[in-house]
Amino acid sequence: MYRSERFKADQSKFRKRQLKKLRLSAPIVEQEHKRLENQGHDVRDANLWLRSFVKNIIRPIIQLPRTRHKGTRINNDANETEIRLCASAIALECVAVLQNSSSPTEEIRAIAKQAGVLKSLDAAINKGQTWRARAVCGIWWRRTLRRELTRQTDTAFRAGALVRRGRSAYCGHTSVMHYQERQIENAKTLAALVAIPSGTGAPVSLKELADSGPSNPLIRRAELMTRISGFEKVAELRGDKGTFLTVTAPSRFHRFTGAGIENPLWNGETPSDAQAYLCNVWAKTRAKLARSGLKVYGFRVAEPHHDGCPHWHLFLFAPPAALDAIEAVYKSYALSDSPGEPGEQKHRFTAKRCDPTKGTAAGYIAKYISKNIDGNGITVDAETGQNSSKSALQVRAWASTWGVRQFQQIGGPPVIVWRELRRLSQQEGRKVESKHLEALVLAAKLGDWQLYNQLMGGPVAAKKNRPVAVLKSDFDQETGEIYIGKYGDKISKIIGLTHKLGQTITRLIKWVISHAKDFLSKTLCQVLKIAPATGPPVLA
């Protein structure tokens, strides 16, 4: 189609004028607008798309006209600094309300409603938590505002057809940027803090402690694979067989089809809505199986389609005679919503029996675990055709944005007891109260999930029949001091294990968190035998 030079110049001015209102999302929006222009779309439609998208992005999600503080106006294109300023301003506003208002609860609820975080505040109020302490805390507002902002931004990107294969897979471009910013900020924070143990132990970097736990992708993946392969060994001993299930949400949750075509049945549902639907289907299935005396164990992985809509993969073990009934129950609930829609029989629920001659359970599910953690061992993501490490970053950003729990153990003894046993095994010279507990400690030390299952009563034993459970306390065992959280709430902490012969304390060391500079300053003063400065730190 012929377009005059004047027409092209006018189009360029229009595009620049619209993109000038954006910041973080401007590059990918410009790319999409040009694509719509050049692929045979009507120019008017492309311009309407651009204007609508920009309007959704710059629409204020927080705007408090009666506020006495500046900075309480942000939109979906806000950066981390603006979120912090807005959170601080709202916290100061809440301080003024609590000091001067005759009905502070309603006024602060109105502020939370306008900021889109009323649900979070009401949850604290309904639980009897100290919501006033939260209302005047800039950090609480920053966390809740950031969650609301990133979700609204991602919703705008999905509505604008920018979350899909070939654009920004799994979640919006700005959601990934926000996620990376938070990861960098968290890493800096951890590096600047040290944990000082009680007694004569040396201080340890908080980052070093974090890297030694499940938050480390390498350890997380290794632990998951250990548990899955352990379940497979348990199944072999019991004579159980495995089935690999895939459950997908109805069409109304999908922005695009699997082929990348816009789905006319999508009604604005978000990934969190789809995840809630899948959880509800599983809850009904699990209840029905329990009523029927059918017990299963295994793992569930939640991952996104290319358009951000989640689906589930489950690897379940059960007696061979029960597998048909288990699959039939799950399928009936999975297809009960929106029955008869095109493709439901093919896509909404699939079941595939595990064939040991073709691979192990760990092999079946390994790629899904890797894709959702760091992409290790996968060259190309089959869903999007892009580099696996890039896809893994986008999947993690997606899960963080929408609060999706990616991995869940089904049945079996709790992993938290396993971790406490491993902690106990690292305490040299420590004696335990019984041979059974000693065997459990050895199983955890060796990483033998199959033996751990056997010693804990098997994979389908009821919680009350487990021989060992986690021990929690809401007060310090030595001083009697009640544990109080940041906002004044009573909290409980894991301190060890409880069993038939009594209790075994596993948390022997008390840690004090301090800034590395403050710790070095204090240590230097002790070495030089001088009093600490009352002003700025000795080491700036």
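No experiment lies behind these values; they were computed from the predicted model shown.

**Topic: the sheet that holds strand β11 (residues 493-499)**
- Here three strands make up an open sheet; going across it, the order is β10-β11-β12 and the pairing antiparallel. Taken across any chain shown, the strands that pair with only one partner, and hence form the sheet edges, are β10 (468-473) and β12 (502-505). Strand-to-strand, the axes of this sheet are offset by a mean angle of 40°, without reference to chain direction.
- Sheet topology places β11 next to β12; four bridges connect them, and they run antiparallel. In the strand pairing of β12, His499 is matched with Gly502.
- Of the strands in this sheet, β10, β11 and β12 touch helix α17 (residues 415-425), which is tilted by about 90° from β11.

**Describing helix α9 (residues 173-191)**
- Here α9 is 19 residues long and its end C-alpha atoms lie 27 Å apart, about the 27 Å a rise of 1.5 Å per residue gives.
- The set of residues buried in α9 consists of Thr174, Ser175, Val176, His178, Tyr179 and Arg182.
- For α9, the elements touching its buried residues are α8 (138-159) and α16 (388-402).

**Let's talk about the environment of Gly502**
- Looking at where Gly502 falls in the secondary structure, it is placed in strand β12.
- Gly502 sits in the partly exposed class, given a relative accessible area of 25%.
- Through-space distance from the C-alpha of Gly502 to that of Ser400 is 39 Å; in sequence the pair is 102 residues apart.

**Regarding the sheet that holds strand β6 (residues 297-304)**
- With respect to topology, five strands assemble into an open sheet ordered β8-β5-β7-β6-β9, the strand pairing being antiparallel. The open sheet is flanked by β8 (349-353) and β9 (407-410), the only strands paired with a single partner. On average, each strand axis in the sheet is inclined to that of its neighbour by 15°, with strand direction left out of account.
- Examined bridge by bridge, strand β5 (residues 241-248) and strand β7 (residues 310-318) share eight bridges and lie antiparallel to one another. Bridge assignment links Phe244 to a residue of β7, and that residue is Phe315.
- Of the strands in this sheet, β6, β7 and β9 touch helix α11 (residues 217-238), which is tilted by about 140° from β6.
- On top of the sheet, helix α12 (residues 271-291) reaches β5, β6, β7 and β9; it is set at about 25° to β7, its chief contact.

**Some remarks on the pattern of salt bridges**
- For the structure shown, the criterion picks out 29 salt bridges.
- The residue Glu5 makes a salt bridge to Lys8 at a minimum N-O spacing of 4.0 Å. Placement of the pair is Glu5 and Lys8 together in helix α1 (residues 5-19), with a separation of three residues, close to one helical turn.
- Arg252 is the salt-bridge partner of Asp337, the closest N and O atoms lying 2.6 Å from each other. Taken together, the residues span a long stretch of sequence, with Asp337 in the loop between α13 (323-334) and α14 (344-348) and Arg252 in the loop between β5 and α12 at a distance of 85 residues.
- Residues participating in the shared-partner salt-bridge network are Glu32, Arg35, Arg164 and Arg167.

**Some words on the nonpolar core**
- If you look at the biggest cluster of nonpolar residues, it comprises 38 residues, and the most contacted ones within it are Trp282, Leu314, Tyr330 and Trp398.
- Contributions of two or more residues to this core are made by α9, β5, α12, β7, α13 and α16.
- Once you skip the residues sitting within four places of it in the chain, Tyr330 turns out to touch Leu245, Val247, Val281, Trp282, Thr285, Trp312, Leu314 and Phe349.
- If you look at the next biggest cluster of nonpolar residues, it comprises 35 residues, including Val301, Phe317, Leu424 and Trp449.

**Here we look at the state of the cysteines**
- Taken as a whole and assessed by the stated rule, the structure comprises zero disulfides.
- Its sulfur unpaired, Cys309 is 13 Å from the next cysteine sulfur, which belongs to Cys279.

**So, the side chain of Gln18**
- Position of Gln18 relative to the elements: it lies in helix α1.
- Taking relative accessible area as the criterion, Gln18 reaches 7% and is therefore assigned buried.
- Look past the residues within four positions of Gln18 in its chain and what remains in contact with it is Leu50, Arg51 and Val54.

**Comments concerning the confidence of the model for the protein chain**
- On average, the protein chain scores 87 in pLDDT, and the residues at 70 or more come to 92%.
- Confidence over residues 535-540 falls short of pLDDT 50; this stretch has eleven contacts with residues more than four positions distant or in other chains.

So, how was this worked out
Residues numbered from 1 in each chain as written. Predicted model: local features only at pLDDT ≥ 70, side-chain atom pairs only at ≥ 80, totals over all residues. Heavy atoms only, no water. Pairing = 2+ DSSP bridges. Helix = DSSP H or I, 4+ residues; strand = E, 2+ residues; numbered from the N terminus. Axes fitted to C-alpha atoms, helices over the stretch in contact; angles between N-to-C directions. Contact = heavy atoms within 4.5 Å. Expected span 1.5 Å × (residues − 1). Buried < 20%, exposed > 50% of the residue type's maximum accessible area, 1.4 Å probe, protein only. Salt bridge = Lys/Arg side-chain N within 4 Å of Asp/Glu carboxyl O. Core = buried A, V, L, I, M, F, W, Y, C linked by side-chain atoms within 4.5 Å. Disulfide = S-S within 2.5 Å. pLDDT = per-residue confidence, 0-100.

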